[in-house]
Amino acid sequence: MTIASQKLNSNATTALHGAHIQNNSDTLVIIFQGVFTKTNEAYATNIMEGRIPDKDVKNLHSYYHFMKISERNDTRDYLYLEDYYSRLYGWYAFDNGKFIYEELSDELSQFIDAHGYKHVYVVGSSKGGVGAILMALHCPQIERVFTMVPDIRISTDGFGDSGRKLFFNENEVFEKRVKTMFEKQDIFKRLEKRENKPKFFFFTGVRDYGFKPLTNLHQKLRKEYDVESHLLIMPTPEPHSPLIKNHPNLMNYLIQNMDKERLWEDDEFTSVSPNAHIATYKTIGMK
């Protein structure tokens, strides 16, 4: 099978790009991209100054995270969605100073209906976790969400002033709106109206920089919107990226079990409450 980036919605103002892997399944797993290792402030500056052509940045996005998931399980269809907005990234939320997540979710909803999927799960790590959450809040067909250390603080500082120009079009008011969007009620307005709300599973760690904002979101979903939400917590001193990179077998295992009532077995996490689960020694030792 040839995997190639393609435009998924030919007439949309905000285009969806990615790879659609079809196995004649009624279940779709959508996977959102994290940050690529080579991108940083210097990379953003090179884009701004024309030293890196847009086509090269676009080609970078055709490297799909978690592609092995689709190779190991052909009982599902897969959609690997790119985050090529703001000429670099957009967290699936914004494009050079404007919000796009509602447009994207509408396009994604139409894509799902056009292919007749009965079950839809979304997966994302870090920046991709933001996309997974946003689409689940706005796209009514999505049933389950699994994110790994989602970057709900929208951490753009590593891209410097050049990143700010790309992402926010030098609009400080818009930048503040982006970085506080999960604290506002507007982002949940579609969720409030839904009868069948998605289930959320958040993998995080006590040393992740987004641990507190994520636990706040988890509590908000449960208490204010009556959503089933679970925290899967790694109690190790690992910071943001190593929480994913140091446990690839666990990540793959959890994604492969997205359709189970519990994504995990009892010997991998210990439940300290109905909605919070701590990784066991066995899980901590997984590589």
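Read on for a plain summary of the structure.

Conventions we followed
- Along each chain, residue indices are assigned from 1 in the same order as the chain's sequence is written.
- In view of the model being predicted, local features appear only for residues whose pLDDT reaches at least 70, and side-chain atom pairs are presented and counted only at 80 or more, with totals across whole chains, interfaces and linings using the full set of residues.
- With hydrogens and water excluded, all non-hydrogen atoms of the structure serve as input to the side-chain values.
- To get an axis, a line is fitted to the C-alpha atoms, and for a helix only the part in contact is used. The angle between two axes follows their N-to-C directions and goes from 0 to 180 degrees.
- Labels follow the DSSP assignment, with helices taken as runs of H or I lasting at least four residues and strands as runs of E lasting at least two, numbered in each case from the N terminus.
- Oblique is the label for any angle not under 35 degrees, not over 145, and not in the 65 to 115 range, which are roughly parallel, roughly antiparallel and roughly perpendicular in turn.
- What makes two residues a contact is simply this: any of their non-hydrogen atoms within 4.5 Å.
- Here the nonpolar group is Ala, Val, Leu, Ile, Met, Phe, Trp, Tyr, Cys and Pro; Asp, Glu, Lys and Arg are the charged ones; every other residue, Gly included, is treated as polar.
- Any residue with an atom within 4 Å of a point lines the site, the site being either a cavity, points on a 1 Å grid over the protein atoms alone where a 1.4 Å probe fits but cannot get out, or a pocket, an open set with protein on both sides within 12 Å along at least 5 of 7 lines.
- Grid points are joined across faces, edges and corners, and a volume is the space filled by probe spheres set on the points.
- Any two of the Phe, Tyr and Trp rings considered here, Trp counted by its six-membered ring, make a pair once their centres fall within 6.5 Å; the pair's planes then place it as stacked at under 30 degrees, edge-to-face at over 60, or tilted in between.
- When accessible area is computed with a 1.4 Å probe and restricted to protein chains, residues below 20% of their type maximum are described as buried, those above 50% as exposed, and intermediate ones as partly exposed.
- Here, the term nonpolar core denotes a set of buried Ala, Val, Leu, Ile, Met, Phe, Trp, Tyr and Cys residues that are joined through side-chain atoms within 4.5 Å.
- Throughout this description, the term salt bridge denotes a Lys or Arg side-chain nitrogen within 4 Å of a carboxyl oxygen of Asp or Glu.
- A pair of strands is treated as paired once DSSP finds two or more bridges between them.

### Some thoughts on the packing of helix 6 (residues 160–168) against helix 7 (residues 172–179)
Then step 1. Contact pair helix 6 / helix 7: the axes reach a minimum separation of 10 Å and the direction vectors enclose 85°. In this view, helix 6 runs roughly perpendicular relative to helix 7, as classed from their interaxial angle. In this structure, helix 6 uses R164, F167 and F168 to contact helix 7, whose residues at the interface are F174, E175, V178 and K179.
Then step 2. Partitioning the contact of helix 6 with helix 7 into residue classes produces four nonpolar, no polar and three charged.

### Considering empty space enclosed by the protein
Then step 1. Applying the stated rule across the entire model yields one cavity of 30 Å³ or more.
Then step 2. Taken as a whole, the largest cavity encloses approximately 30 Å³ of empty space.
Then step 3. Considering the residues around the largest cavity, the lining is formed by A15, H17, K58, E82, Y84 and Y85.
Then step 4. By residue class, the composition of the lining of the largest cavity is three nonpolar, one polar and two charged.

### Observations regarding the packing of aromatic side chains
Then step 1. Taken as a whole and assessed by the stated rule, the structure comprises 22 aromatic pairs.
Then step 2. Between the aromatic rings of F99 and Y101, the centroid separation amounts to 5.5 Å while the plane-to-plane angle is 70°, which identifies the pairing as edge-to-face.
Then step 3. Overall, F99 belongs to the partly exposed group, its relative accessible area being 22%.
Then step 4. Geometrically, the ring pair formed by W264 and F269 is edge-to-face, given 6.1 Å between the ring centres and 65° between the ring planes. You'll find W264 and F269 in the same group, each marked buried.

### So, the nonpolar core
Then step 1. Formed by 62 residues in total, the largest nonpolar core has its most connected members in I30, L88 and F182.
Then step 2. The greatest single-element share of this core, amounting to seven residues, is contributed by helix 5 (residues 127–138).
Then step 3. The residues contacting L88, other than those within four sequence positions of it, are T39, Y43, A44, I47, V57, H61, D83, F159, L166 and F167.
Then step 4. Core analysis: the second largest hydrophobic core is formed by 30 residues, V29, Y64, F66 and F269 among them.

### Let's talk about the pattern of salt bridges
Then step 1. By the definition in use, this model includes 20 salt bridges.
Then step 2. Measuring nitrogen to oxygen at the nearest pair gives 3.7 Å for the salt bridge that ties E228 to K199. Of this pair, E228 sits in the loop between helix 9 (211–225) and strand 8 (229–234) while K199 sits in strand 7 (residues 199–205), and the two are 29 residues apart along the sequence.
Then step 3. The exposure class assigned to E228 is partly exposed, which follows from its relative accessible area of 30%.
Then step 4. Notably, a salt bridge pairs K282 with D267, separated by 3.0 Å at the nearest N-O pair.

### Some points on the sheet that holds strand 6 (residues 142–148)
Then step 1. Spatial ordering of the open sheet is given by 1-2-4-3-5-6-7-8-10-9, a layout of 10 strands whose pairing is mixed. Of all strands in the sheet, those with a lone pairing partner are strand 1 (6–7) and strand 9 (269–273), marking the two edges.
Then step 2. Note that strand 6 and strand 7 share five bridges and pair parallel. Each bridged residue has a counterpart across the sheet, and for M148 the counterpart in strand 7 is F203.
Then step 3. Along the sheet face, helix 5 touches strand 3 (27–32), strand 5 (119–125), strand 6 and strand 7 and points at about 150° away from the line of strand 5.
Then step 4. Along the sheet face, helix 11 (residues 248–256) touches strand 4 (77–81), strand 5, strand 6, strand 7, strand 8 and strand 9 and points at about 175° away from the line of strand 6.

### Observations concerning the layout of surface pockets
Then step 1. In this structure, the largest pocket encloses a volume near 860 Å³.
Then step 2. Lining the largest pocket we find 27 residues, and of these V35, H65, S125, I244 and K245 sit closest to its centre.
Then step 3. Sorting the residues of the lining of the largest pocket by element identifies helix 3 (67–72), helix 10 (242–245) and helix 11 as the ones contributing at least two each.
Then step 4. Considering each element in turn, the lining of the largest pocket owes the most residues, four residues, to helix 3.
Then step 5. Among the residues making up the lining of the largest pocket, the classes are represented as 13 nonpolar, nine polar and five charged.

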